[in-house]
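# Per-entry structural report
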Amino acid sequence: MIFLKLFLTFLKIGAVSFGGGYGMISIIRDDCLANGWLTEEELLNFIAVAESTPGPIAVNMATFVGSSQGGVLGAFLATLGVVLPSFVIILLIASVFTKLLKYAGVKAILGGIRPAIVALILGTAVTMLLSLGVGIKNVHSTPNFDYRTLIVLAVICAISFAYSKWKRKSLSPIILIVISGALGVLLYGV
Amino acid sequence: MNKIKSLFGLFIAMMKIGMFTFGGGYAMINLLDNEFVERKRWLGSEEFMNLVTIAESTPGPIAINCSTYIGYKRAGFLGALIATLGMCIPSFAIIYLISLFFNSFLEIKWVASAFHGIQVCVVFLILTAGFKMLKKIKKTLFNVGVMLITFCVMILFSLFSVSFSSIFYILIFGVAGLLIYTVGYLRNKNGEDEK
C-alpha cells in the first residue's frame, strides 16, 4: 500500500530529523533509495528543484516524492506526514511543556544528536560525490571517472569562495544552481 | 468576527512567507523576524530568540516549527493550524505542478545536461551546509569523537552496502549524550555526599 507507506515514511522523517532541510537529506536518501523510489541522480534533481522553489525544503521534498510515487494523494499524504510531528511537538511545547528545553537531560540528548547530524550531512555529501564523480557506489563498482563533474565542482567552489571573500556574505544557492546548469549544458552538450 | 479577521491575517502573512522564501529554514528566520517582530510586533525579540532555539532543537522543518509556534501564540490551536497550513500551501501547489511535467521536461536534451551540472552543485550545497555547521559546533572531545565515528562508519557502511539508517546514529548519540550527562551528574552527587 504505497499511500500508507508514503505517509509513515515521511512521518518518521519528520519526527527524527533535526537541523533543518539539510539535516533531513541523509534520512530521505536512505528511505528513498531503500524503497526504490528514487535513484541517486533523481534525488539530486529533486533537491535542486526543492532548493530553487520557495518554501521549506522538507515540504518541497515530501510533496515531490509523494507526487512521483502516488499522484496528488501521495503528495498530500507525504506532506502531511512530514509536517505532523513538528506540529504536534511544537503545540505541546508552546502549551504544556513550555520549559522542556531548559531541562538538562533534554539538553544532553540534543547535545549528543547535534554532532551526529553534522557528520551525517558531510558524510552524505561525500558519498554522493563519490557516486557522481568517480562512479563508486560500493567496493564492487568499477571506478568511472567523470572529469566534467570535477570541472563543475571546481568552478562552483571558486565562484562561491571568491564571492564570499569579496562581498563577505555567501552567494545565493539559486545563482549557483543557474551557473552550474549553464556549465552542464556546455559540458554535456545540447 | 475579530477572531476570524486575525486568523485570516495570520494565514495571509504565513502564506506570503511560504511563497517568497527560498533556501529553506535559515533564510526564513530572517523573514519571520522582519515580519512578526519588527513590523507586526506580534512577538518580542527575546521571545523570538526563544522560538528560534525551540525550532532548531525540535525535529522537523524549521519553518513549520516557527509557524506552528507563532500561530499558537497568536490564536491558540486554530491559529497554529491556520498558520502551518498557510506556510505549506504555496510549496505544495508549486511543487505539485512542477512534479507533473518534470519528467517530460528532463527528456529535453539540454535540460538533462543542465541537470547533470546542477547535481554537482547540489552536492556542493550540502557540503557547504555541513561545513557551516562544523564551524559553529564546539570542538569538545565528545563532539569531535561523535562526528569522526559517525562520518567514518557512514562512509564505510555505504561502500560495503551495509544498510544502516541514519536514524540509528541520531538515536544512538542522543542516548549517548544522555548517558554521559547522567554519569557525570551521579558522580558529582556522590562527591557531594561524601563531603
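Residues numbered from 1 in each chain as written. Chains lettered and ligands numbered in written order. Predicted model: local features only at pLDDT ≥ 70, side-chain atom pairs only at ≥ 80, totals over all residues.

Okay, the overall build of chain A next. When helices and strands are counted, chain A shows 7 helices and 0 strands. Starting at the N terminus, the α and β elements of chain A follow one another as α-α-α-α-α-α-α. Seen along its three principal axes, the alpha-carbon backbone of chain A occupies a region of about 55 × 45 × 35 Å. Counting across all 190 residues of chain A, residues that qualify as buried make up 53%. (Helix = DSSP H or I, 4+ residues; strand = E, 2+ residues; numbered from the N terminus. Buried ≥ 20, exposed ≤ 12 C-beta atoms within 10 Å, placed from the backbone.)

Here we come to the overall build of chain B. Check the secondary structure of chain B and you find 7 helices and 0 strands. Secondary structure of chain B in N-to-C order comes out as α-α-α-α-α-α-α. In terms of overall size, chain B is more extended than a compact globule, its C-alpha atoms giving a radius of gyration of 22 Å where 195 residues would be expected to give roughly 16 Å. In terms of principal-axis extent, the alpha carbons of chain B reach across some 65 × 55 × 25 Å. For chain B, buried positions account for 40% of its 195 residues. Pairs at least 24 apart in sequence give 48% of the contacts found in chain B among residues at least 6 apart. (Rg over C-alpha atoms; globule rule 2.2 N^0.38 Å. Contact = placed C-beta atoms within 7 Å.)

Take the packing of helix α1 (residues 2-16) of chain A against helix α2 (residues 20-34) of chain A next. Residue and element names in this part refer to chain A. In contact at an axis separation of 10 Å, α1 and α2 are set at 155° when each is read in the N-to-C sense. By the criterion of interaxial angle, the relationship of α1 to α2 is roughly antiparallel. Like other packed secondary-structure pairs, α1 and α2 cross with a definite hand, here right-handed. For the pair α1 and α2, the contacting residues are Thr9, Ile13 and Val16 in the first and Met24, Ile27, Ile28 and Asp31 in the second. (Axes fitted to C-alpha atoms, helices over the stretch in contact; angles between N-to-C directions. Parallel < 35°, antiparallel > 145°, perpendicular 65-115°, else oblique. Left-handed = near helix turned anticlockwise from the far one by under 90°.)

All names here are of chain A. Mapping Asp31 onto the fold places it in helix α2. For the pair Asp31 and Phe10, spaced 21 residues apart in the sequence, the C-alpha separation amounts to 9.1 Å. Residues in contact with Asp31, not counting those within four places in the same chain, are Thr9 and Ile13.

Below, the discussion takes up the interface of chain B and chain A. Between chain B and chain A, the residue contacts involve 80 residues of the former and 92 residues of the latter. Those elements giving two or more residues to the side of chain B that touches chain A turn out to be α1 (2-20), α2 (25-39), α3 (45-57), α4 (62-106), α5 (109-136), α6 (141-159) and α7 (166-194) of chain B. It is α5(B) that contributes the most residues to the side of chain B that touches chain A, 21 residues altogether. Of the residues assigned to the side of chain B that touches chain A, the class counts are 50 nonpolar, 28 polar and 2 charged. (Nonpolar A, V, L, I, M, F, W, Y, C, P; charged D, E, K, R; others polar.)

It is worth spelling out the domain arrangement of chain A at this point. Residue and element names in this part refer to chain A. The domain architecture assigned to chain A consists of domain 1 (2-145) and domain 2 (147-190). Between domain 1 and domain 2, the C-alpha centre-to-centre distance is 25 Å. Secondary structure elements with two or more residues in the side of domain 1 that touches domain 2: α3 (40-52) and α5 (104-134). The leading source of residues in the side of domain 1 that touches domain 2 is α3, at 3 residues. Of the residues in the side of domain 1 that touches domain 2, the class split is 3 nonpolar, 2 polar and 1 charged. (Domains from an automatic or database assignment.)

With that out of the way, let us pick up α4(B). Relative to the 66 Å expected for 45 residues at 1.5 Å per residue, α4(B) spans just 31 Å between its end C-alpha atoms, considerably shorter than the ideal helical length. Where α4(B) bends most, at B:Ala75, the angle is about 145°. (Expected span 1.5 Å × (residues − 1). Bend = angle between axes of the 7 residues up to and from the residue.)

Formed by 104 residues in total, the largest nonpolar core has its most connected members in A:Ile121, B:Cys121, B:Val123 and B:Ile126. With 18 residues, the single largest contributor to this core is helix α4 (residues 57-95) of chain A. Ignoring sequence-local partners within four residues, the contact set of A:Ile121 consists of A:Tyr22, A:Gly23, A:Ser26, B:Ile126, B:Ala129, B:Gly130 and B:Met133. (Core = buried A, V, L, I, M, F, W, Y, C linked by C-beta atoms within 7 Å.)

This paragraph deals with the confidence of the model for chain B. All names here are of chain B. Mean pLDDT over chain B works out to 87, with 95% of the residues at or above the 70 mark. Here α2 stands out as the least confident element of chain B, with mean pLDDT 79; α6 is the most confident, with 93. The ipTM for the predicted assembly is 0.85, set against a pTM of 0.84. (pLDDT = per-residue confidence, 0-100.)

Our focus in this paragraph is the packing of α2(A) against α5(A). Residue and element names in this part refer to chain A. In the contact formed by α2 and α5, the axes pass within 8 Å of each other and the chain directions differ by 60°. Viewed along their axes, α2 and α5 form a crossing whose handedness is left-handed. Between α2 and α5, the contacting residues are Tyr22, Gly23, Ile25, Ser26 and Arg29 on the first element and Ile117, Leu120, Ile121 and Thr124 on the second. For the contact of α2 with α5, a count of residues per class yields 5 nonpolar, 3 polar and 1 charged.

The next thing to look at is unusual backbone geometry. With a phi close to 55°, B:Arg41 is a non-glycine residue in the positive phi region. Residue placement: B:Arg41 occurs in the loop between α2 and α3.

Looking now at helix α6 (residues 147-167) of chain A. In this model, α6(A) (21 residues) spans 30 Å end to end at C-alpha, consistent with the 30 Å of a helix rising 1.5 Å per residue. Considered for burial, the residues of α6(A) that qualify are A:Thr149, A:Val152, A:Leu153, A:Ile156 and A:Ser160. In an axial view of α6(A), the angular spread of the buried residues amounts to 95°, which keeps them on one side of the axis. Exposed residues on α6(A) whose side chains face more than 90 degrees from its buried face are A:Tyr147, A:Ala154, A:Ala158, A:Phe161, A:Ala162, A:Lys165 and A:Trp166. Considering only its buried residues, α6(A) is in contact with α5 and α7 (173-188) of chain A together with α5 of chain B. Of the residues flanking the end of α6(A), it is A:Arg168, one or two places downstream, whose phi is positive at about 65°. (Arc of directions from axis to C-beta.)

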